[in-house]
Amino acid sequence: MAIGSGAGTIVSGQRKLVDIATARKKPQFTGETINISGDVAPLYLLIKKLGKSKKVNQASYFHLETDWLPVEVTNTTVGTGTTVTITAGHEVRVAVGTILLCTRTGELMRVNSVASGSLGVDRGVGGGGPGAVALQNPEPLLIVGFADTEGNTSPSGKSSEPTSKTNYCQTFRQALELSGRDLESDNYGPGELERIKGDALEAITQNMEKSFLLNNCTGTATDPSMTAGVLGLVTTNAYDVAGALTETALTDNFITPWFRRNNSKKRMMVFAGEKFLRALGQFGLDNIRYASSDTGIGISVMKYRTNFGEVECVRHGLLTPVGNSNSAATYGMQGYAFGLNMEYVGKRVFGDRELQLLKDRQTPDRDGIKWEYLSDEGFYLASESQHAILKGITG
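Keep in mind that this is a model prediction, so the values were computed, not measured.

Conventions adopted
- Residues numbered from 1 in each chain as written.
- Predicted model: local features only at pLDDT ≥ 70, side-chain atom pairs only at ≥ 80, totals over all residues.
- Heavy atoms only, no water.
- Core = buried A, V, L, I, M, F, W, Y, C linked by side-chain atoms within 4.5 Å.
- Buried < 20%, exposed > 50% of the residue type's maximum accessible area, 1.4 Å probe, protein only.
- Helix = DSSP H or I, 4+ residues; strand = E, 2+ residues; numbered from the N terminus.
- Contact = heavy atoms within 4.5 Å.
- Salt bridge = Lys/Arg side-chain N within 4 Å of Asp/Glu carboxyl O.
- Pairing = 2+ DSSP bridges.
- Axes fitted to C-alpha atoms, helices over the stretch in contact; angles between N-to-C directions.

K.L.:
Sorry, what's going on with the nonpolar core here?
P.N.:
What tends to happen in soluble globular proteins is that the nonpolar side chains get buried as a cluster. Core analysis: the largest hydrophobic core is formed by 35 residues, its most contacted members being Leu43, Val230, Met342 and Phe379. Those elements that place two or more of their residues in this core are helix H1 (42–49), strand E10 (170–179), helix H3 (192–214), helix H4 (230–233), strand E12 (267–272), strand E16 (337–340) and strand E19 (368–381). When residues of this core are assigned to their parent elements, the largest contribution, six residues, is made by H3. Here methionine 342 is in contact with Leu43, Leu46, Ile47, Leu50, Lys52, Met269 and Phe271, once residues within four sequence places are set aside.

K.L.:
Any chance you could explain the pattern of salt bridges here in plain terms?
P.N.:
Summed over the entire model, instances satisfying the criterion amount to 14 salt bridges. Of the charged contacts in the structure, one is a salt bridge between arginine 173 and glutamate 372, with a shortest N-O distance of 2.3 Å. Placement of the pair is arginine 173 in strand E10 and glutamate 372 in strand E19, with a sequence separation of 199 residues. The partner of arginine 195 in a salt bridge is aspartate 199, with the nearest N and O atoms 3.3 Å apart. Here aspartate 199 and arginine 195 lie together in helix H3, a separation of four residues that amounts to about one turn. By relative accessible area, which is 40% here, aspartate 199 ends up partly exposed.

K.L.:
What exactly am I supposed to notice about the pairing of strand E8 (residues 139–146) here?
P.N.:
Across a regular strand the side chains alternate sides, sitting on one face of the sheet and then on the other. By the bridge criterion, four bridges tie strand E3 (residues 72–75) to E8 in an arrangement that is antiparallel. Bridging from a neighbouring strand, glutamate 72 pairs with leucine 142 of E8. Bridging between strand E5 (residues 98–102) and E8 involves five bridges; their strand directions are antiparallel. For leucine 100, the partnering residue across the bridge sits in E8 and is isoleucine 143.

K.L.:
Explain the sheet that holds E3 here, please?
P.N.:
Within a sheet, neighbouring strands are paired by backbone hydrogen bonds and run either parallel or antiparallel to one another. Pairing within the open sheet is antiparallel, and its six strands lie in the order E3-E8-E5-E6-E7-E4. The open sheet has two edge strands with one neighbour each: E3 and strand E4 (83–85). Here the average twist between neighbouring strands, direction ignored, is 40 degrees.

What follows is the structure in structure tokens.
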């Protein structure tokens, strides 16, 4: 019998790497584990960094708001008569002696009587403008002041009643589990516990970010387990582009009404989808107003300068297509942009239940561990008309 069986692999000539069995090759670990996720929680991070958090002792919380005093009444009468019909309820905005201006014609009118749904007016007063000119239906009449006539009594008092705005804390939970063997295993990369802790922390942070931004509920008692986010709370300045975004549409329907409600602000912040940023880049080709900078707290900011003020744009990692394609079915949130006045944005924490890691959640007989990140927090947004939403950008 031959001594050698001939079962081994014989390499003739120069041996190459391809001739070495895979099981005999020692893998080379580069010493790092790469996290491929994007910037997916800039709003939550900014709220935390700016210290915009307060503790509450109930799952529900509310604040009171008063809006600007009304600046106009709406006429619904066609003609030059001295009795004008107005939108029901607008009569409480004026008193005898109130001066109204028809901005279309320049005519001034003085209110001489007030009734439900109608006003008696002196037409063409003041001598500086035109006389009575036929009003249109509808025709806004601007309240420009008050001019009493001699010997009158004082006008009736006016006051506004604050509106209660309610929202709710939401319980966020993210567990991590490892078996006893997994804890002791010598694997490539950092310890599995530390790596999975990092994954769980990122997951719960993403969930809070999504809720704060995208929860399309209205902060009612219908489901008090959910916090209303920007998408559910901002209604006044919400514009659907429904197509390609032009610079004119951006200015007229987003920038102008937004800054109008934030007249003293010179800088505002937008959490932007990919389509919004793409459109801004194209606008910048004609007039360079687009430069990158950093907030100093780890959030990259791109600045877009307008005649109304500076818009700081944060690329949001969640406002992207769903998946890797760009079809209508996977379009996702890339056509959205959320404009926020960060002075009126924050979060509320239920008691001491701010984001924390709770250990030893496993049953006593478990051969392994179960830990959990838990947070009981809610989104806070005041004065919704000082924020804005742009959506439906397709190009």
